[in-house]
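Each chain is listed here by its residues.
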Amino acid sequence: MTNAYELIINILTALGVYDMILDMFKPSGTEFVLKLIIVVIELAVLFAFVLVTVMFLTWMERKVVAMVQSRYGPMVTGPRGLLQPVMDGVKLIGKEDIVPAKADKFVFNLAPYLAFVPALLVFIPLPFGESLIISDLRVGLLYIIAISALTPISILLAGWASNNKYTLMGAMRAVAQDISYTIPLALAAITVVMFTGSLSTVDIVSAQSGTWFGIIPKWFIFIQPLGFLLFLIASIAEMGRIPFDFQESESELVAGFFTEYSGMKFAMYFLAEYAHLFAVSGILVTIFLGGWNGPVLPGIPVVITSLVYFLLKTYAVVFFAMWLRDTVPRMRIDQLLNIGWKIMIPLALLNLLVTGFLITAGVI
Amino acid sequence: MQTDELLINMGPVHPSTHGVLRFKLRMDGEIIKDCQLVLGYLHRGTEKLGEMKTYQQVLPYTDRLDYISAFPNNYCYVKAIEELAGIEVPLRAEYIRVLVMELNRIVNHIVSIGSLLMDLGAATMIMWGFREREKALQLFEMLCGARMTFNYIKPGGVREDLPEGFIPKLNEFLEEMEMRIKDYEQLINSNEIFLMRMNGIGVISAKDAINHGLTGPTLRGSGVNHDLRKLEPYSIYHDLDFKACSRPEGDSYARYMVRIDEMWESLHILRQVVDTMPEAKVISTSKYGVAPMTGVPSTVSTYFPRIFTPPAGEVYTRIEAPKGELGFYIASDGSTKPYRVKIRSPSFCNLTALSGMVKGLKIPDLIAAFGTMDIVLGDVDR
Amino acid sequence: MPGIIKGLIVTLKHVLQIGDRPTVTVQYPYERMKLAPRFRGLHAVDEDACIGCGICDTNCPNSSIKIVKHGTRWYPEVNIGMCMFCGYCVDVCPMNAMKMTGNYELADYTRESLVYGPDKLLFKREVKQ
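Residues numbered from 1 in each chain as written. Chains lettered and ligands numbered in written order. Predicted model: local features only at pLDDT ≥ 70, side-chain atom pairs only at ≥ 80, totals over all residues. Heavy atoms only, no water.

### Examining the interface of chain C and chain A
Link 1 in the chain: Taken together, the 15 residues of chain C in the interface contact 15 residues of chain A.
Link 2 in the chain: It is Leu8, Val15 and Gln27 of chain C that lose the most area in chain C upon contact with chain A, and together they represent 36% of the buried surface on that side.
Link 3 in the chain: Linking chain C to chain A there are zero salt bridges.
Link 4 in the chain: Our count for the chain C to chain A interface comes out at six residue pairs in polar contact (both at pLDDT 80 or more). (Contact = heavy atoms within 4.5 Å. Buried area = accessible area lost by both parts, 1.4 Å probe. Salt bridge = Lys/Arg side-chain N within 4 Å of Asp/Glu carboxyl O. Polar contact = N/O pair within 3.5 Å; in protein donor to acceptor, adjacent residues only side chain to side chain.)

This is the structure in structure tokens:
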């Protein structure tokens, strides 16, 4: 079992229904339809999972902010306000969909969907657990970095098409920021690849299984603390959250690149933002925090325990991002770019160099 | 490189212009080449109203100038009337006045720092600030029945004496406040991102600050130790031990730190006031006083005459309001209504320095520098 | 970095509510805060004490009080839409008939409904034996 497709087939076989289903398709020679159906089911589950996660994350964000600020947060809709995201969705659907008169209508309408697609695509090579992965790409890490680098295109389109000075400035900032932070992100991730010798996310996770001296887990955070720190900062910049939320920076640019959006299109950006938050946290966990590795509990299938470990770690990272957001103010865009180009990239290169030397010398 | 200038209208509806201020920015990319302020969106004609209403009726309108800290407005207007008519004020009333004004200074600085941090993107501080502000507002509510527009200080004293249980609650607040300010300092003071945003931003030299007529923490952040409570002690300030806080740097961080220091000083003043408050009546009956209506037990003091005619003349008083120097000029022609009321509001005068301060900076710096000016649009436009 | 870590510690203290940092907000429509007895809310007029003299009318800075006929006597009518709750009407009432209650939920749909006539303002003081 290497991915979710095989997992589904295995489960069906274990239930004893797989051959039966296969027989339905075999006479007409349309096994590929069955394959397609299974893939569609996989993707539907993933999509549903992302949507539910996003809804939960918006609720969690509010609750964490509220806890930091000595408040309750949403309490009325559902138990402890758990249904608040549903209400928000209903409200946003009910809103008028305003397109500014002088906007480039086609691009304006297209941009929100372009923002959501990369956020969703990032999940494909993300290992949620033992064999819980849509597709174990051999270039998984590269794919993730490449796909996340697509987000600025949608932001730039949105900012440009809105025909508004604030949106344009927000878009320009977002692009400058994303370009300068993808480089340290990739450089920090490459050091890990030097250890594993593979870009596949599954290989990276399995390289982190086991422990040193029976206590310390063999996570890359302990070998690569600097790389972890760089990756963390760069990924928070990638997520576009405070202290690096220049694309929005609501006190300067009203709402940044989505100032002119309303209703469902606004919701798409919201969705994309939180999906991205979860995805980037998941990648961080995969690369540096041991992915789904954790102590094996007897009697429970590894599929379930690994999923639980992965979610726990990811939510811990998400919590950290939210916690940080409530603590620090926003940086200034030129300061951020300065840090990115003058500190983080040299540090990442240095880290790469030292790691290379150490590996060649056989120290680690 | 050939670049075009970008004209940006920031406001009057914008999240961080603290109301309805409008900046007309000429930008070169993100760099501000010129900043023009457009005022008057909240003009309510308070000065003209002052000519149409009787002396007493103007008083509630002064609450609405600087609505974050209304007690100093009240006090300054009342002080002008008292000087005009020569009304003596009982000592206990003066103590209560100083008490509420210093409490209001803390409230004002909390809101100022909170909204500064919110403009910088850290929403936590304003929520924490409002948590403590709520406690102070409850004290105000106990005292005079209103939370923001107090109408409490009257010519010749204050409206009502301290209610039962006020002093213990105040002491509780002072004790809690100490810990809370420590929390604020821990959250903000040494935060590197905050320092990056504030240090060296919006610098104004002492000379420029004086020439622009800056007052209050904004001036003291430039190293000019100008505090009217020290220079021209009014009320009971000459009996109190406190120091005027100032910082030499003249940048946004200095102005922020002056506010934090002033909160500590205000706590110190409040403790002294509570310890030394005398027991006595709270409203003067000396010159213009009339006896209360007989027979009916009154809950509030009705000593001040309903028809009040001060002698003809003019008076200018100034006090150190939390935002700076607040002045009231009142000209009287001996009738029941002022002939002219002129308000020298600190927010308006402080705002004049902003466009010079931000030239060559970026939009985020404009927000940061503007946040440390601590203005209220009700006070700017009057 | 150390400054940010210091900040993170203090925010975490709030999340975990360590050391007198409790949740302070109130779930408004379900629970309410206690108002101070001196709170200046909607007016109330003592039916027996009010003599309809109109001093409150003349002293009102916003001219929001009008004296109108109610039954056989004259009573004040308050336009809450114009009132700024300064409390002067209470201060100047020679019979101490006017008072302000703790009713602060005064929002309404029309301007007309903001005019509170004597029928809504009057109350009868309990006579102490």
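### Some remarks on the sheet that holds strand β2 (residues 22-28) of chain B
Residues and elements named next belong to chain B.
Link 1 in the chain: The strand order across the open sheet formed by three strands is β1-β2-β3, and the pairing between neighbours is antiparallel. In this open sheet, the two edge strands, each paired with only one partner strand, are β1 (6-10) and β3 (31-38). Direction aside, the axes of adjacent strands within the sheet are offset by 20° on average.
Link 2 in the chain: Relative to β2, β1 runs antiparallel, the two sharing five bridges. (Pairing = 2+ DSSP bridges. Helix = DSSP H or I, 4+ residues; strand = E, 2+ residues; numbered from the N terminus. Axes fitted to C-alpha atoms, helices over the stretch in contact; angles between N-to-C directions.)

### Quick word on the sheet that holds strand β5 (residues 115-116) of chain C
Residues and elements named next belong to chain C.
Link 1 in the chain: Spatial ordering of the open sheet is given by β2-β3-β5, a layout of three strands whose pairing is antiparallel. Unpaired on one side and paired on the other, β2 (65-70) and β5 mark the two borders of the sheet.
Link 2 in the chain: Examined bridge by bridge, β2 and strand β3 (residues 73-79) share six bridges and lie antiparallel to one another. Bridge assignment links Lys66 to a residue of β3, and that residue is Glu77.

### Description of helix α4 (residues 91-119) of chain B
All names here are of chain B.
Link 1 in the chain: When the terminal C-alpha atoms of α4 are compared, their 42 Å separation across 29 residues agrees well with the 42 Å that a helix rising 1.5 Å per residue should span.
Link 2 in the chain: Of all 29 residues in α4, 27 are buried, a share of seventy percent or more.
Link 3 in the chain: Gly121, located one to two residues past α4, shows a positive phi value of around 105°. (Expected span 1.5 Å × (residues − 1). Buried < 20%, exposed > 50% of the residue type's maximum accessible area, 1.4 Å probe, protein only.)

### Focus on the interface of chain B and chain C
Link 1 in the chain: Residue-level contacts link 44 residues of chain B with 37 residues of chain C.
Link 2 in the chain: The partner of Asp183 of chain B in a salt bridge is Arg21 of chain C, with the nearest N and O atoms 2.8 Å apart.
Link 3 in the chain: Looking at the side of chain B that touches chain C, the elements with two or more residues in it are α2 (55-63), α5 (124-144), α6 (166-188) and α7 (192-198) of chain B.
Link 4 in the chain: Looking at which element gives the most residues to the side of chain B that touches chain C, the answer is α5 of chain B, with nine residues.

### Points about the pattern of salt bridges
Note that side chains of opposite charge can pair when their charged atoms are close.
Link 1 in the chain: With the rule as written, the count across this model stands at 39 salt bridges over all chains.
Link 2 in the chain: The shortest N-O distance in the salt bridge between Lys265 of chain A and Asp97 of chain A comes to 3.2 Å. With a gap of 168 residues between them, Lys265 of chain A in helix α13 (residues 263-288) and Asp97 of chain A in the loop between α4 (84-94) and α5 (105-121) connect regions that are remote in the sequence.
Link 3 in the chain: On the basis of relative accessible area, Asp97 of chain A is assigned to the partly exposed category, the value being 45%.
Link 4 in the chain: Notably, a salt bridge pairs Asp261 of chain B with Arg247 of chain B, separated by 3.3 Å at the nearest N-O pair. Of this pair, Asp261 of chain B sits in helix α11 (residues 252-276) while Arg247 of chain B sits in the loop between α10 (228-231) and α11, placing them 14 residues apart in sequence.
Link 5 in the chain: Judged by its relative accessible area of 25%, Arg247 of chain B is partly exposed.
Link 6 in the chain: If you follow the salt bridges from partner to partner, you end up with Glu102, Arg105, Arg220, Asp227, Arg229, Glu262 and Glu320 of chain B in one network.

By themselves, these figures tell us nothing about what the structure is for.
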